[in-house]
Amino acid sequence: MSDKAVITCALNGVLTDPKQHHVPVTPEEMAREAKAAYDAGASVMHIHLRQQAPGKGHLPSWEVEVSRAIQQAIREACPGVIINHTTGVVGPNYAGALDCVRETKPEMAACNAGSLNYLKVKADNTWAWPPHLFDNPVEKIQAYIDVMNDAGTLPEFECFDVGIVRSVGMYRQTGMYRGPLEYNFVMGVASGMPADPDLLPILLKLKAPDAAWQVTAIGRGEIWPLHRRCAELGGHLRTGLEDTFYRPDGSKVTSNGQLIETIVAYARGAGREIASPAEARTIFGIRR
């Protein structure tokens, strides 16, 4: 168990619409929200890129210059902070995601470690969106790993289901990846692992024994017992407006800082102290 908890803030996500929710889009907005999270205890900022033209902030972007501007603004607002860059792309063209990592060299980046049918059903028993495959075949994962190795970027292996957790060990076993391991158990996606605290001990049995791990919990009030159990079992903690808009009491937040304050309290309630950015680098094996 790690005595200190690394706190990650997922600032904005890819699906959240700034016209409906208080998600940041511009470099200035990203820096403001990152500063609120940083002051509350977050050492890592997970970022998604949005199109910067007026009225286009709900659409993703893979422009390297947008990535550079956002990272620079966050670093100026949050000295020493660790950037964790998104790379998630559906379909065969993921060159833009590779370019962002290759050119900007963030300390960490998401490496989606397996494929998932991305599904959700509404209360009226119809699809919430057209069913699609979040495709992450082995050759795509290898391409991400190779670029991250060249950039000096630590892959954060995103695991949406139990079999994907097991696959990460195979990536090391076959020599696809040789660096320090960090798992992110993504729980709460309707067609993936549920946000169930009882699942955590099973996942910990399946991960590599020496690997760091955290939980991404997606949902509303049901996610907070999972965060609490994660803190108790020694995992690192993540929340932010990508993952939820709601505190444990059901009240809706307007800033990432409010969510980070809540999760920091959960970590301390489990007897954990909060890792600084320098301590987080040591815990994850980030060499720069």
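The rules behind each value
- Residues numbered from 1 in each chain as written.
- Predicted model: local features only at pLDDT ≥ 70, side-chain atom pairs only at ≥ 80, totals over all residues.
- Heavy atoms only, no water.
- Buried < 20%, exposed > 50% of the residue type's maximum accessible area, 1.4 Å probe, protein only.
- Helix = DSSP H or I, 4+ residues; strand = E, 2+ residues; numbered from the N terminus.
- Pairing = 2+ DSSP bridges.
- Right-handed = clockwise from strand over helix to strand, strands pointing away.
- Polar contact = N/O pair within 3.5 Å; in protein donor to acceptor, adjacent residues only side chain to side chain.
- Contact = heavy atoms within 4.5 Å.
- Salt bridge = Lys/Arg side-chain N within 4 Å of Asp/Glu carboxyl O.

Peer 1: Whenever I open this one, the pairing of strand S5 (residues 108-112) confuses me. Can you help?
Peer 2: Along a regular strand, successive side chains alternate from one face of the sheet to the other. Here S5 lies mainly inside the structure; five of its five residues are buried. Side-chain alternation along S5 places Met-108, Ala-110 and Asn-112 on one buried face and Ala-109 and Cys-111 on a second face that is also buried. When strand S4 (residues 82-85) meets S5, the two strands line up parallel, connected through two bridges. The residue bridging His-85 from the neighbouring strand is Ala-109, located in S5. On the question of chirality, the crossover connecting S4 to the parallel S5 by way of helix H3 (residues 95-104) is right-handed. Sheet topology places S5 next to strand S8 (residues 154-159); five bridges connect them, and they run parallel. Directly across from Cys-111, in S8, lies its bridge partner Phe-157.

Peer 1: Would you explain the side chain of Gln-71 in this entry?
Peer 2: Its place among the elements puts Gln-71 in helix H2 (residues 64-77). Look at Gln-71 and you get buried, because its relative accessible area is 4%. Among the polar contacts made by the side chain of Gln-71, one reaches the side chain of Thr-104 at a distance of 3.0 Å. Not counting residues within four places of it along the chain, the set of residues in contact with Gln-71 comprises Ile-47, Ile-83, His-85, Thr-104 and Pro-106.

Peer 1: Would you take a moment to explain the pattern of salt bridges for this structure?
Peer 2: It is possible for side chains bearing opposite charge to pair when their charged atoms get close. On inspection of all chains with the given rule, the structure shows twelve salt bridges. Residue Glu-65 pairs with Arg-68 through a salt bridge whose shortest N-O separation is 2.5 Å. Placement of the pair is Glu-65 and Arg-68 together in helix H2, with a separation of three residues, close to one helical turn. Glu-65 gets classed as exposed once you look at its relative accessible area, which sits at 52%. Arg-238 is the salt-bridge partner of Asp-243, the closest N and O atoms lying 2.9 Å from each other. Salt bridges here are not isolated pairs; linked through shared partners, they connect Glu-65, Arg-68 and Glu-103.

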